[in-house]
Number of protein chains: 2
Amino acid sequence: MNKEINKNLYQGDETACLPQIRVVLSHTSHPGNIGSTARAMKTMGLTELYLINPKEFPSEVATALASSADDILQNAKVVSSMAEALAGTTMQVALTARRRELSQPLQTPRQIAPSIIRSARAGQEIALVFGAETSGLTIDELSMCSDRVTIPTNPHYSSLNLSQAVQVLTYELRTSCFEADWVDVQHLEEERDPATHEAMERFFEHLEEVMLKIGFLRPHAPKRLMPRLRRLFIRAELEREEVDILRGILKATTEFDRKP
Amino acid sequence: MNKEINKNLYQGDETACLPQIRVVLSHTSHPGNIGSTARAMKTMGLTELYLINPKEFPSEVATALASSADDILQNAKVVSSMAEALAGTTMQVALTARRRELSQPLQTPRQIAPSIIRSARAGQEIALVFGAETSGLTIDELSMCSDRVTIPTNPHYSSLNLSQAVQVLTYELRTSCFEADWVDVQHLEEERDPATHEAMERFFEHLEEVMLKIGFLRPHAPKRLMPRLRRLFIRAELEREEVDILRGILKATTEFDRKP
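In this text, all values refer to a predicted model and were calculated from it rather than measured experimentally. Residue numbers run consecutively from 1 along every chain, following the written order of its sequence. Starting at A for chains and at 1 for ligands, labels are handed out in the order in which the entities are written. Under the rules for a predicted model, residues below a pLDDT of 70 receive no local features and side-chain atom pairs below 80 are neither given nor counted, while totals for whole chains, interfaces and linings still include all residues. As a rule here, side-chain values cover all heavy atoms of the structure and leave hydrogens and water aside.

Caption draft 1: Focus on the overall build of chain A. Helix and strand counts for chain A stand at 12 helices and seven strands. The cut-offs for exposure are 20% and 50% of the maximum accessible area for each residue type, with area from a 1.4 Å probe on protein chains only; residues under the lower value are buried, those over the upper are exposed, and the others partly exposed. For chain A, with 260 residues in total, the buried portion stands at 57%. The contacts of chain A with a sequence gap of at least 6 include a subset with a gap of at least 24, amounting to 84%. About 11,900 Å² of surface is accessible on chain A, with carbon and sulfur atoms providing 50% of the total. Strands are runs of DSSP state E lasting at least 2 residues, helices are runs of H or I lasting at least 4, and numbering of each runs from the N terminus. Contacts between residues were defined by any pair of non-hydrogen atoms, one from each residue, lying within 4.5 Å. In this description, accessible areas are obtained by the Shrake-Rupley approach with a 1.4 Å probe, and a residue is regarded as covered only by the protein chains that are shown.

Caption draft 2: Geometry of the interface of chain A and chain B. On the chain B side, the residues contacting the 68 residues of chain A number 61 residues. Among the residues of chain A in contact with chain B, A:R110, A:Y157 and A:Y171 are the three that bury the most area, contributing 13% of the side total. A pair is scored as a salt bridge if a Lys or Arg side-chain nitrogen falls within 4 Å of a carboxyl oxygen belonging to Asp or Glu. Viewed at the interface, chain B and chain A are joined by eight salt bridges. We note a salt bridge from A:E242 to B:R228, for which the minimum N-O separation is 3.8 Å. By the criterion applied in these results, polar contacts are pairs of N or O atoms within 3.5 Å in which, for protein atoms, one can donate a hydrogen and the other can accept it, and in which residues neighboring in sequence qualify only through two side-chain atoms. The tally of links from chain A across to chain B stands at 24 residue pairs in polar contact (both at pLDDT 80 or more). Two parts placed together each lose some accessible area under a 1.4 Å probe, and the buried area is that loss summed for both.

Caption draft 3: Inspection of the confidence of the model for chain A at higher detail. Residues and elements named next belong to chain A. Along the chain, pLDDT gives the predictor's confidence residue by residue, from 0 to 100. For chain A, per-residue confidence averages 86 on the pLDDT scale, and 86% of positions sit at 70 or higher. Taken as a whole, residues 1–11 scores under 50 in pLDDT and shows six contacts with residues more than four places along the chain or in a different chain. Confidence drops under a pLDDT of 50 for residues 182–190, and excluding neighbours within four residues, the segment shows 10 contacts in the predicted structure.

Caption draft 4: Region of interest: unusual backbone geometry. All names here are of chain A. Look at the link from F57 to P58: it is a cis peptide, with omega at 0°. Assignment of secondary structure puts P58 in the loop between β2 (49–52) and α3 (60–66). A positive phi angle is found at N53, which is not glycine, with a value near 40°. Residue placement: N53 occurs in the loop between β2 and α3.

Caption draft 5: Just helix α11 (residues 225–235) of chain A, in detail. All names here are of chain A. α11 sits mainly inside the fold: 10 of its 11 residues count as buried. Along α11, the residues that are buried comprise L225, M226, R228, L229, R230, R231, L232, F233, I234 and R235. One or two positions beyond α11, positive phi appears at E237, with a value near 50°.

Caption draft 6: Just the packing of aromatic side chains, in detail. Ring geometry is summarised as follows: Phe, Tyr and Trp rings, the Trp one being its six-membered ring, pair when their centres sit within 6.5 Å, and such pairs are stacked at plane angles under 30 degrees, edge-to-face over 60 and tilted between the two. Tallying each qualifying case throughout the model produces five aromatic pairs over all chains. Here the aromatic cluster, defined as three or more aromatic residues joined through ring pairs, consists of A:F203, A:F204, A:F233, B:F203, B:F204 and B:F233. Put simply, a charge is over a ring when the Lys NZ or the Arg CZ is close to the ring centre, within 6 Å, and near the line of the ring normal, within 35 degrees. Of note, A:K42 hangs over the ring of B:Y157, and the distance from its end group to the ring centre comes to 5.0 Å.

Below you can see the structure in the form of structure tokens.
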């Protein structure tokens, strides 16, 4: 009975959540890749494209390669920072081949797709984040994302074209909408109220300020501490209320100091 | 026992069968699509490309888009009929969006991938067959193939670029090599050094002590804070070194208080 209701709910519209998943391209060099990305997105039902400092956009080449997906190009948001591109998102999935630098686990598209779809169906906004063609995402860019995904490739030739990578990821997401018994598993998931990107960034600023104040962060040798703490707390997938608690602790730490 | 043999057989070389799966492009109009197809194939470990009457090949555009996969273009077989392209194969998988014309069942890439990999591992040769960009495979061409596959797309915009379709299919094949019960995907996992239960418990004790000291935890109403923080940090799956850092911060918090 319950199962029947769930089934009806998504009948014919299992993919309605896909527009809540935006594609973010950072510092793309070739406009053709932007056009091909738009086409790849549209075939899989995604609509929102963010471009961080593209080298050339708008562009005739991009429009030509988008084929009939140029509506996505016309609605694309050109922004100048990762923070703008991620605003409002609660989950940021970065494509990378880097394995060692960060301690977040590295997942395959297939492993991560169900949790992305679950979040989107719960009304969350999600970003899929792709770096520049040759260099990929920088360590700084990666550190602003909550999750890392890698496409399993031939170890002797792993150079996927940018729009091909977008195609694989978005294909997994669309396929995931129809798969799994996730509808049945949904009741096992708790209601979550995840912190936004902006709330997390304010928390990290506050944290750094207090680390300096209590002398744990040396102003002349600050290198590794903040990135490490950032990764730890991003991995924890903090809820809005938990960020409030942690900031309360930070506040108490410094106020405590003022009273002798 | 049988499972054990399989595991040894493919240990470290689960994808060795992929070169037995050839890609056949029929009547391709744009040489760029041939180049992008070569690149897509190589990233997924396929090597054999057959071209039936390509409009323009060899081509500089194809070579440029193949990037470092031009070895696949150099070894490509240009033939003049489907029969030549399929010679030696025992399974021919045709990509199509046509649903009504033929009575073979239409499968998704995910559904058909395991049987392709099983056949390849049994020493068979298999063809993945793709038609011309605008029109796709003809009824005649389809009738020469043993299986039909379709990529699930947005019903309002199903126009996948040719090389994107090749990417999705070959990605499914490579992924399928590691799935099933054959082997584990462990090599994708990073080395982690997780904190022990005991280390976590010592951290929580330390945390509670400092929360009391800075006045954030009220001794007479301590109820909900510690369980909440405990869940948060357990969810973060802390590493040994991260626990050390966090305890360092706690120590700095209280020591800071002693001097002023």
